[in-house]
Amino acid sequence: MSSEITPRANAPLLHLFQGKPIRLIGKVTEVRGETAVLDAAGSVTVHATRDSNFKEGNIYEVIGRVQPDLSLKMLDGMDFGTNIDMDNANALAELSQRHHEIFFDK
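The following paragraphs examine the structure supplied in this document. Small disclaimer: the values here were computed from a predicted structure and weren't measured.

Calculation criteria
- Residues numbered from 1 in each chain as written.
- Predicted model: local features only at pLDDT ≥ 70, side-chain atom pairs only at ≥ 80, totals over all residues.
- Heavy atoms only, no water.
- Salt bridge = Lys/Arg side-chain N within 4 Å of Asp/Glu carboxyl O.
- Helix = DSSP H or I, 4+ residues; strand = E, 2+ residues; numbered from the N terminus.
- Buried < 20%, exposed > 50% of the residue type's maximum accessible area, 1.4 Å probe, protein only.
- Phe/Tyr/Trp six-rings, centres within 6.5 Å; stacked < 30°, edge-to-face > 60°.
- 1 Å grid on protein atoms, 1.4 Å probe; cavity = no way out; pocket = protein on both sides within 12 Å on 5 of 7 lines; lining within 4 Å.
- Points joined across faces, edges and corners; volume = space filled by probe spheres on them.
- Nonpolar A, V, L, I, M, F, W, Y, C, P; charged D, E, K, R; others polar.

Considering the pattern of salt bridges
In step 1: Counting across every chain of the model gives four salt bridges.
In step 2: Among the salt bridges present, the one from Arg8 reaches Glu61, with a minimum N-O distance of 2.7 Å. Taken together, the residues span a long stretch of sequence, with Arg8 in strand 1 (residues 8-9) and Glu61 in strand 5 (residues 59-66) at a distance of 53 residues.
In step 3: By relative accessible area, which is 10% here, Glu61 ends up buried.
In step 4: In this structure, Arg23 engages Glu61 in a salt bridge whose closest nitrogen and oxygen atoms are separated by 3.3 Å. Taken together, the positions of Arg23 in strand 2 (residues 21-32) and Glu61 in strand 5 put the pair 38 residues apart, joining distant regions of the chain.
In step 5: Bridged by salt links that share partners, the residues Arg8, Arg23 and Glu61 form one connected network.

Observations concerning the packing of aromatic side chains
In step 1: Within the structure shown, the criterion is met by one aromatic pair.
In step 2: Geometrically, the ring pair formed by Phe54 and Tyr60 is edge-to-face, given 4.7 Å between the ring centres and 65 degrees between the ring planes.
In step 3: On the accessibility criterion, Phe54 (13% relative accessible area) is buried.

A look at empty space enclosed by the protein
In step 1: One pass over the full model with this rule turns up one cavity of 30 Å³ or more.
In step 2: Considering the residues around the largest cavity, the lining is formed by Arg8, Ala9, Asn10, Arg23, Leu24, Ile25, Ala89, Asn90 and Ala93.
In step 3: Those elements giving two or more residues to the lining of the largest cavity turn out to be strand 1, strand 2 and helix 1 (86-98).
In step 4: Split into classes, the residues belonging to the lining of the largest cavity amount to five nonpolar, two polar and two charged.

Here it is, written out as structure tokens:
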């Protein structure tokens, strides 16, 4: 993975980052082959890498490039298990957008 800046986002913020890499924390609600659907304050389709092993019910941080249809092409990811407060994860995404000067340049 290159050293590109990857701002935090959730489903409602994806439209701001089309074509750009982001970080998203979401709970897996569905797995279909190499595609997973994550709940990150809304549904996000993730086109996974071959070696990703999404498990329904687990929470993942996905680094991915936002596609024109607002899905993510996964570049990397990490299984955070099940003990993450999704309200806090979504609040962090919203706050990092509101105070972007702390986290990234627009």
